[in-house]
Amino acid sequence: MKVLLINPNTTAAMTTQLLASARAGFEGRMQIEAVTAARGVAVVASRAGYAVAAQSVLESWAAWREPVDAVVVACFGDPGVAALRELAPVPVYGLAQSTLQHAGPNPTGYGVVTPGPAWQPMLDELVATWRLGRNYLGTCAIDATGLGAANDPERFRAAMQKAIDDMQARGAGTVVLGGAALAGAAGRYASAARLLDCLEV
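Residues numbered from 1 in each chain as written. Predicted model: local features only at pLDDT ≥ 70, side-chain atom pairs only at ≥ 80, totals over all residues. Heavy atoms only, no water.

Caption draft 1: Representation of the overall build of the chain within the structure. The helix and strand inventory of the chain stands at seven helices and eight strands. Here the chain has a C-alpha radius of gyration of 16 Å; the compact-globule value for 201 residues is 17 Å, and the two agree. Here the C-alpha coordinates of the chain stretch approximately 45 × 35 × 35 Å along the principal axes. A total of 201 residues make up the chain; the buried ones form 52% of that total. Counted over contacts in the chain with a minimum sequence separation of 6, partners at least 24 positions apart contribute 66%. Roughly 9000 Å² of accessible area belongs to the chain as shown, and the carbon and sulfur atoms make up 54% of that amount. (Helix = DSSP H or I, 4+ residues; strand = E, 2+ residues; numbered from the N terminus. Rg over C-alpha atoms; globule rule 2.2 N^0.38 Å. Buried < 20%, exposed > 50% of the residue type's maximum accessible area, 1.4 Å probe, protein only. Contact = heavy atoms within 4.5 Å. Areas by Shrake-Rupley, 256 points an atom, 1.4 Å probe, with all protein chains shown as cover.)

This is how it looks when you write it as structure tokens:
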């Protein structure tokens, strides 16, 4: 099975990290390729950036020339996923919807921890749209963007750990680490709750 990861962020280092994490997690089960958006924003952290990223997803797909069996839009929030599903002849998945559908059945509740304050209301809206709110305990969005994971890793990690602790204190049995920059990062944090990598499912 051949899968294409489309990173709607223009940060190539993020694509490299995503590809490495995906290949490590699904080794031997699928062939994975990745592409970085040719234009847009370095990291999606606002509604305006989200709108641009959605367009970039469609452009990235239009420029891809090799056959694939599925597409994953590698941005937590799934910009462009619904539109690409109209165009692509293969299944299209988004990190957020796929992960939240997996976390949702947890009877002890689930929450999201993510970089970028703008994502808190945006994810609340997406959860409502996807009708996944039954066990949803909300989103803790730290005051940073996904770029902070590389630019200021110690501060970023401390802020993430505090948000994870706060979400667990709300009663979350599962904490989703939401964000392309967090792919493969679950092992860096400690929690009695299950930490769910958004590239894991």
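Once you've had a look at it, read on.
Caption draft 2: Up close: the environment of Ala-158. By the element assignment, Ala-158 lies in helix H7 (residues 153-169). By relative accessible area, which is 47% here, Ala-158 ends up partly exposed. For Ala-158 and Tyr-189, which are 31 residues apart along the polypeptide, the C-alpha to C-alpha distance reads 9.4 Å.

Caption draft 3: Region of the structure containing empty space enclosed by the protein. Under the defined criterion, the tally for this structure stands at one cavity of 30 Å³ or more. Put simply, the largest cavity is a space of about 130 Å³. Around the largest cavity, the lining comprises 15 residues; the ones closest to its centre are Val-43, Val-44, Trp-119, Gly-179 and Ala-180. Among the residues making up the lining of the largest cavity, the classes are represented as nine nonpolar, six polar and no charged. (1 Å grid on protein atoms, 1.4 Å probe; cavity = no way out; pocket = protein on both sides within 12 Å on 5 of 7 lines; lining within 4 Å. Points joined across faces, edges and corners; volume = space filled by probe spheres on them. Nonpolar A, V, L, I, M, F, W, Y, C, P; charged D, E, K, R; others polar.)

Caption draft 4: Region of interest: the nonpolar core. Within the largest apolar cluster, 37 residues are counted, with the highest numbers of intra-cluster contacts made by Leu-18, Phe-76 and Leu-100. If you tally residues by element for this core, the top one is helix H5 (residues 119-129), at five residues. In contact with Leu-100, other than residues within four places in its own chain, are Phe-76, Tyr-110, Val-112, Val-127, Trp-130, Leu-132 and Val-176. Counting 18 residues, the second largest nonpolar core, distinct from the first, contains Ile-164, Val-175, Ala-186 and Tyr-189. (Core = buried A, V, L, I, M, F, W, Y, C linked by side-chain atoms within 4.5 Å.)

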